[in-house]
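# Tertiary structure, described
Here are the chains, one letter per residue:
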Amino acid sequence: MVRKQDSAPERIQANQKIRRRFPKRTFSSKSRVSVSKSKPSAKAVRHWAASLLWLMILSSAGLVTGGVWLSLQLFANPDALSSVNYLLPNWAKIPLVNSNQPQTLAQIRADLSKLGQIPGELLTLDNTETLQPTSVLLPVLSSQQIVELRVYELTSSGNGQKPHGEIYYQLVSQVPVEGPEEWFAIAPLLNGEISDSGSNRPLPLTQLRRFEGNTPGGWFYLWGQSVQRSSTITYGQVVHYNPSRSHLSLMLPWTSPTGQLQWQQVTNGGSPELVINQTIDLEPQLRVYQVKPAQFFLDPIQLELISLAEPALNNPAYQQAILIARTGLWSPAWKWLQFIKQQRQRNHQPWSMAAQAQLDLIRLHAQLTKSQAEKTWASPSQEVLADLIDGRWEEGLQVFQSSPENTEEIATLLKADAGRLWNRVEVALRMNPNRPEVKAWGALIVGAKEGRRSAIAWLKQQPKTTSANITYIQNLLKRLEGDFSAKVASAHPSRIIGSVQPITKVNLTEWLQPEPKTTLKLADQQWYQIQIAAYHDGKRWWQAPFSNLMPTAQASLWQQLGLNTDSQIQIIVWLPNGQQEIKLATVKAVQLRGGVLQLLASSCCLGASLSEKTAEPIDANLGLQHRLLALTQAALEWVQSEPLTLADLTQQQQPVELTGILPALAQELQLSPSPNSPIPSFEQLHEKLGQLPVQLIELTGDSLPEIILTISPETIITLNKPVGVSKLNKANSRTRTIIFSNTGKLLYSEFSTASQQTVTAIADLKDGEPPALLVEGTKTYILQRWLAKRDRFE
């Protein structure tokens, strides 16, 4: 059927009907599709624009996210997307950095040979020992020095098949390397000298080594040696590999005259530290680095040096101790810091991780200087040098005086001193000007260089120098000139422990002064009467009552007590708020009556007098007040271990069994509701007592540490709440100590066996015996040691 063609008039008529029905629309007479010729509304335009904008934002975000991911993948591993190459046409394939694809060692060696390079020995990067490593580290050498490090992963062969027989390696990371510059490598040899400080040329690296021993994974070091100033210096770079990002980093250049660097546990941070030994002769110098987080995506760690440039605490005593350490007096600084830490812990003051790191660094140096000083030396000059580096001034003087040959050799040492001994003398006198043994060494150094007249002039300029000091040191100076006729009084450090009583009236006729003609100024002074509990006469310790001393021996007491070398004594005060304060006093006279040995000492009176400060007890309701303690600087060393809890004892390398300790401890603490009540179960005791702090210190001489618990009054109240004890009273108002053997046997308890005394501290008396308990008794302080025959502390 043939469709009838519309005529023009009919089409016009039809269009007119449609327009009348749809007045806002226009239809073309030549098209079957309607087209709008009117403008859209503003609301519709805004809707369309918003939709389009959201579509663009979402598309852009997806592109950005994908681009960032792709960039990171390519940055970490340029060949990370090579696996999709087979899906792409030739014109769109991703260009590869390692365009050679996986290779055998023979192929790698051939490619390097074309560049004039050779591969070194492969080192595995896997943390676990496996029959087949998954990644290896390859040094690349040119002209017999390492110029590049490469990381390869064991992978499939180039055609995608697993290797059979031959092993294939895929390059995933590489870094060019060069040795440290010459000036850096020889710096430890220069001793602060500026001349001939070395050039900027990099020194060659010849070996790649793995750290041995207690080492975290992924650490290696590059190594090289050079002869400088007739000495061999070892240097290199520390290298770290981060397997999660397949990234190899040069972390740190290093140098060491001894060639020693290792990972070891220095602090209690959990991870070992990197220790680089830069010791020259007997002068210890250790650089210790901690692993710290870093803002670097490919390897987010860094090595941070433990430095003494800035004290970690804003505390004057702490800052002085750090200054002493920077001068090289490591052992005195360590002892001082130990005491400061103990004070702050008792006063509930913060002790930061940075302060602990500095203390541990100083302890590490002090252990070296102590071992050197205790070593037997064939050369007297080396023996004296070891003594002075460790701050053992008196022991050094004994070596100096022991023979004319010793004096002559040591004089040569002093004359050649470039400042390391002199700097120690200056700082030691700045910290404590009342130390004649240090002044003696200062005068000997000046005398060896400039003569006796200059030495005496220097000595008279030093504060707190007495005529006795000058006479004593003049006789030492004569030995430098070959005059050995004068007898020098034997000198040993003053080592005294006693209790203190502030006094306001002094009767000088009852006291023996070292220089009777000296007039003492009684006004504007704080006076103390010190009852000696124990002293060391240079050979052994003596405890009160002093039956070894006769009344006729008073003239020699000053020398026997070591007061002729150091007459200064520390007064340790417990203030009403519970904090401690140390005042320095000077011993002026001595008294011996009926076996009781007492000292008369004084200090400048600053502000309120000591008697006024201690007039009020710590707790007025209980009438409590600690006894004042007197110590000379060389008397003892405080001993403390790192704090643990009872629960921690089962996790030690040599675990301690708690099944015997916890029931005995509960019985001492009276944790049962009544004497006849059963002791709580082991699980209950472990839950209740497991967090009590303990120290592990060897006290009995059996080489096994004892378990020491120091329990505060507040803890005693908390533990006894179930049995009705809720506030302080005279029975539970003081800190108490309990000591168990390593096998769980009760050795000492201030709840039962020693209820009338308090352990103030544990002290090393430096006589080769186990540490002693410094105990505050009912009248004075006493020292107690373990007696195996009596099976108790006495």
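Throughout, a residue's number is its position along its own chain's written sequence, starting from 1. Restriction of local features to residues with pLDDT of at least 70 applies here, the model being predicted, together with a cutoff of 80 or more for giving and counting side-chain atom pairs; totals for whole chains, interfaces and linings are based on all residues. Note: side-chain values were computed over all heavy atoms of the structure, leaving out hydrogens and water.

This paragraph deals with helix 6 (residues 316-327). A run of DSSP states H or I qualifies as a helix once it reaches four residues; a run of E qualifies as a strand once it reaches two. Both are numbered from the N-terminal end. Residue count minus one, scaled by 1.5 Å, sets the expected span of a helix. In a regular helix each residue adds 1.5 Å, so twelve residues correspond to 16 Å; helix 6 covers 17 Å between its end C-alpha atoms and thus fits that length. Within the sequence span of helix 6, burial applies to Tyr318, Ala321, Ile322, Ile324, Ala325 and Thr327. The first or second residue beyond helix 6 is Gly328, which carries a positive phi of 110°. Only protein chains enter the accessibility calculation, which uses a 1.4 Å probe. A residue is then buried if its area is under 20% of the maximum for its type, exposed if over 50%, and partly exposed in between.

Moving on, we come to the pairing of strand 8 (residues 231-242). With ten of its twelve residues buried, strand 8 lies for the most part within the structure. As defined by bridge partners, strand 7 (residues 219-228) adjoins strand 8 across ten bridges and the pair is classed as antiparallel. The residue bridging Val227 from the neighbouring strand is Thr232, located in strand 8. Strand pairing requires that DSSP identify at least two bridges connecting the strands. The hairpin turn running from strand 8 into strand 9 (residues 247-256), its antiparallel successor, is four residues long, and Ser246 in that turn takes a positive phi close to 50°.

By secondary structure assignment, the location of Ile530 is in strand 15 (residues 525-536). The exposure class of Ile530 is buried, given its relative accessible area of 0%. Taking C-alpha positions, Ile530 is 9.4 Å from Val590, a pair spaced 60 residues apart along the chain. Two residues qualify as a contact provided that any one of their heavy atoms is within 4.5 Å of a heavy atom in the partner residue. Sequence-distant contacts of Ile530, defined by excluding residues within four places in its chain, comprise Gly498, Ser499, Val500, Ile569, Ile571, Leu597, Gln598, Leu599, Ala601 and Ala630.

There is a patch of nonpolar side chains on the surface, built from Leu53, Trp54 and Ile57 and spanning about 340 Å² of accessible area. Inspection of the secondary structure puts Leu53 in helix 2 (residues 42-76). Patches draw on residues past 30% relative accessible area with no salt bridge. Two like charges within 9 Å are joined, as are two nonpolar side chains (Val, Leu, Ile, Met, Phe, Trp, Tyr) within 5 Å. Values of accessible area rely on a 1.4 Å probe in the Shrake-Rupley scheme; residue burial ignores everything except the protein chains shown. Salt-bridge detection follows one rule: a side-chain nitrogen of Lys or Arg within 4 Å of a carboxyl oxygen of Asp or Glu.

As used here, the term nonpolar core means buried Ala, Val, Leu, Ile, Met, Phe, Trp, Tyr and Cys residues forming a set that is joined through side-chain atoms within 4.5 Å. The biggest cluster of nonpolar side chains holds 62 residues, and the ones touching the most others in it are Leu337, Ile362, Trp393, Leu414, Trp441 and Leu444. If sequence neighbours within four positions are ignored, Ile362 has contacts with Leu308, Ile322, Ala325, Trp330, Ala333, Trp334 and Leu337. Formed by 24 residues, the second largest nonpolar core is a distinct cluster that contains Ile496, Leu549, Leu599 and Ala630.

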